[in-house]
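# A closer look at the structure
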Amino acid sequence: MKTLLKNCQTLNGLKNILIIDDKIGYIGNELASYDKIIDIGGLWVIPGIIDPHVHVRDLQQSEKEDWNSCSNAAINGGISTIFDMPNTIPATTNLANLNLKRKVAGKTLINKLFYLGATNQNANEIEEMLSENPHDIAGIKIFLAGTSSNDVLEKNKIEEIFEIAKKYDKVVAVHTELQSCLDKWRDKISEKTIQNHNILRNRECAINGTKLVLDMAQEIGNKLYICHVSTLEEIELIADAKTKNTNIFCEVTPHHLFLDETILAKCGNFGKINPPLRTRADNIALMKAIENGTIDTIGTDHAPHTLAEKKQIYAKAPSGFPGLETVLPLLLNAVNNGKISIEKIVELTSFNVAKIFNLPNRGKIEAGYFADLTIIDIAEKWEIDSLKFHSKAKYSPFDGMDVCGKVKLIFVNGKKIYCRERR
Ligand code: DOR
Ligand code: ZN
Ligand code: ZN
């Protein structure tokens, strides 16, 4: 089947893109022969977004999100590939659990890869899973702080995992807030309120954890990917480490880029996330780090919980909120505000992710690459309404925000899907 997309605004100007089955067959100015033609009408066509940080849930937490709702949320957010985090129930820490996850992820249209979760006991199992060279493993995830369902890793275990990752040329992704530091601050600050979340989970904890793993990766030489960098100080550490080590990569989330802690007075626990929303000065440092190339990728850290859970008091409400359906509108809005270029968005949301995590033939619009394409109207104005999300988590700290830029259509492996809000 040959589908010709006519009048596509690309980074190289107005082009026609020919899709042959699941791949891009041609991109240029000719009217190649086709079975079907779609006039894109000059809308922007960018590579399908690859989100390297998603908590899909499902299995024993399907009330929060399942693969179906998560895929729909991704697709309607313009995202064609997601990397699923391992802190699920059961956790992705052995082959049996990985296979359960593979099965439940099943036939969802989206491309999916899974992180393996490191525990203090499962180095052998991780090695066993990697030794089969599976194409659907994104890398290994390490938490230096506890969430509801993961181990906090001991230092020698982190080193062991780094060695294994190096042997199999896999990325180690790290949540760097240090549990011992979080415990210290929890004892120190008596007033446990959402407004104090950024003090309680103090920036010192993320900074110290980031420093720890940067030093270890420098010793061992594995690929290290720092998740959701949130502070100016981490940016400085990472920028410095990158001058000595080309295997260091890092991610920023839209919420750490565009929101600061002052919004918590308005949105309460809907803005409770780890690491916490920081300060305006951090937002500015992160944007600067995007411009100068210190930040490599944007990950949503889509972390759905039920509304009932989020409505509990601060101490009980779980951390995390959905992000799949807001990431691209927020970035396009930033393009319209002159804060970021479309070239940079493509680099951060697809090209760099495919390169760092070794995804063959994805992350670019080029003949021979998979036809993962996101079509956007950069000029459409609308208001973010979380009640219309496809995710089961229908709340967001971005709720009610006016944005300019909307996802219209997506192709995943050549299959066309129209993007719509739910009603
Ligand atoms: O806020 C967060 N939520 N941070 C994490 O590291 C985990 C995540 C979750 O799984 O809910
Ligand atoms: Zn995290
Ligand atoms: Zn996460």
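Look up: the structure comes first, before these words.
All of the points below concern the structure found in this document. (Residues numbered from 1 in each chain as written. Chains lettered and ligands numbered in written order. Predicted model: local features only at pLDDT ≥ 70, side-chain atom pairs only at ≥ 80, totals over all residues. Heavy atoms only, no water.)

For the zinc ion (ligand 2), the full set of protein donor atoms is His175 (ND1) and His228 (NE2), and the range of their distances to it is 2.0 to 2.1 Å. Separating the zinc ion (ligand 2) and the zinc ion (ligand 3) is a distance of 3.4 Å. Of this pair, histidine 175 sits in strand S10 (residues 171–175) while histidine 228 sits in the loop between strand S11 (223–226) and helix H8 (232–244), and the two are 53 residues apart along the sequence. For histidine 175, a relative accessible area of 6% corresponds to the buried category. Judged by relative accessible area, which is 3%, histidine 228 ranks as buried. (Donors = N, O, S within 2.8 Å, 3.2 Å for Na, K, Ca; no water. Helix = DSSP H or I, 4+ residues; strand = E, 2+ residues; numbered from the N terminus. Buried < 20%, exposed > 50% of the residue type's maximum accessible area, 1.4 Å probe, protein only.)

The next subject is the pattern of salt bridges. Scanning all chains against the criterion turns up 20 salt bridges. Arginine 186 is the salt-bridge partner of aspartate 183, the closest N and O atoms lying 3.5 Å from each other. Linking aspartate 183 with arginine 186, this pair stays in helix H5 (residues 179–188), spanning three residues, or about one helical turn. Residue aspartate 183 is classed as partly exposed on the basis of its relative accessible area of 25%. Ionic pairing is found between lysine 184 and glutamate 204, a salt bridge with its closest N-O pair at 3.1 Å. In this pair, lysine 184 is assigned in helix H5 and glutamate 204 in helix H7 (residues 203–220), connecting sequence segments 20 residues apart. With relative accessibility at 26%, the residue glutamate 204 sits in the partly exposed group. Each of Arg203, Glu233 and Asp282 takes part in a single network of salt bridges with overlapping partners. (Salt bridge = Lys/Arg side-chain N within 4 Å of Asp/Glu carboxyl O.)

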